[in-house]
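Analysis of the macromolecular model
If you want the building blocks of each chain, they are given just below.
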Amino acid sequence: MKIQVVCRHEGIPPVVPGYVREKMEGVERFGEEFERLEVILDLENGETLCEVILHRHRGEPLVAHDRSRDPRAAVDGAEARLERQVVRNKEKNSRKGRRRAS
């Protein structure tokens, strides 16, 4: 999976993109194969906005947003929201398969 980090402003600390890559690599543990993951970091009114777009091989991409004064907290929040979406989507699809099999 390719991880692309985009910082829209120069006010974001240089250690944050490395932290983003380290944090987002854990999404692959859910067993699905994903094409790419885009992380967009932006500054707005003293807060860091983090938007994560996960492109899957099939279906619509999953999108998660979070904002916080601390850039790492915004990344952590967006990652947690994305993980919940991946788990929910995976459970939803596996239930459909079980219904058809029985």
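Residues numbered from 1 in each chain as written. Predicted model: local features only at pLDDT ≥ 70, side-chain atom pairs only at ≥ 80, totals over all residues. Heavy atoms only, no water.

Overview of the sheet that holds strand β3 (residues 47-56)
The condition that has to hold: At least two bridges found by DSSP between two strands is the condition for calling them paired. Per the convention used, a helix needs a DSSP run of H or I reaching at least four residues, while a strand needs a run of E reaching at least two, with both numbered from the N terminus. In this description, a line fitted to the C-alpha atoms serves as the axis of each element, helices being fitted only across the stretch in contact, and the angle between N-to-C directions of two axes falls anywhere from 0 to 180 degrees.
On the basis of which strands lie adjacent, the open sheet formed by 4 strands has the order β1-β2-β3-β4 and mixed pairing. One side of each edge strand has no neighbouring strand; the edge strands of this open sheet are β1 (2-7) and β4 (62-68). This sheet shows a mean twist of 15 degrees between the axes of neighbouring strands, independent of strand direction. Strand direction decides the pairing type here: strand β2 (residues 34-44) and β3, joined by 10 bridges, are antiparallel.

Some details on the pattern of salt bridges
Which entries qualify depends on this criterion: A carboxyl oxygen of Asp or Glu within 4 Å of a side-chain nitrogen of Lys or Arg is what we treat as a salt bridge.
Per the stated rule, a full pass over the model turns up 8 salt bridges. Shared partners join several salt bridges into a network, and the residues in it are Lys23, Asp76 and Glu79.

Some details on the environment of Glu44
For clarity, the threshold we go by: For every residue, the accessible area (1.4 Å probe, protein chains only) is compared with the maximum for its type, and the residue is labelled buried under 20%, exposed over 50%, or partly exposed between those bounds. Note on contacts: a residue pair is in contact if any heavy atoms of the two residues lie within 4.5 Å.
Positionally, Glu44 belongs in strand β2. Given the relative accessible area of 34%, Glu44 is considered partly exposed. Separated by 37 residues in the primary sequence, Glu44 and Arg81 have C-alpha atoms spaced 21 Å apart. When neighbours within four sequence positions are excluded, Glu44 is seen to be in contact with Leu49 and Arg67.

Quick look at the pairing of β3
Moving residue by residue along a regular strand, the side chains alternate between the two faces of the sheet. Most of β3 sits out of view: 8 of its 10 residues are buried. Counting the residues between successive antiparallel strands, the hairpin from β2 to β3 contains 2 residues, one of them, Asn45, with a positive phi of roughly 55 degrees. Pairing geometry for β3 and β4, over 7 bridges, is antiparallel. Note that in β4 the partner of Cys50 across the bridge is Asp66. In this structure, the hairpin formed by β3 and β4 is closed by a connection of 5 residues, where Gly59 is found at a positive phi of approximately 85 degrees.

Quick notes on the pairing of β2
To keep things clear, this is the line we draw: Assignment of crossover handedness uses the view with strands pointing away from the viewer, where a clockwise path from the first strand over the helix to the second indicates a right-handed crossover.
Of the strand pairs in this sheet, β1 and β2 are connected by 6 bridges, and their pairing is parallel. Counterpart to Cys7 in the pairing with β2 is Leu41. In this region the chain leaves β1, passes through helix α1 (residues 16-24) and returns to the parallel neighbour β2; the handedness of that crossover is left-handed.

Section: the side chain of Glu79
If you trace the backbone, Glu79 turns up in helix α2 (residues 71-101). Given a relative accessible area of 8%, Glu79 falls into the buried group.

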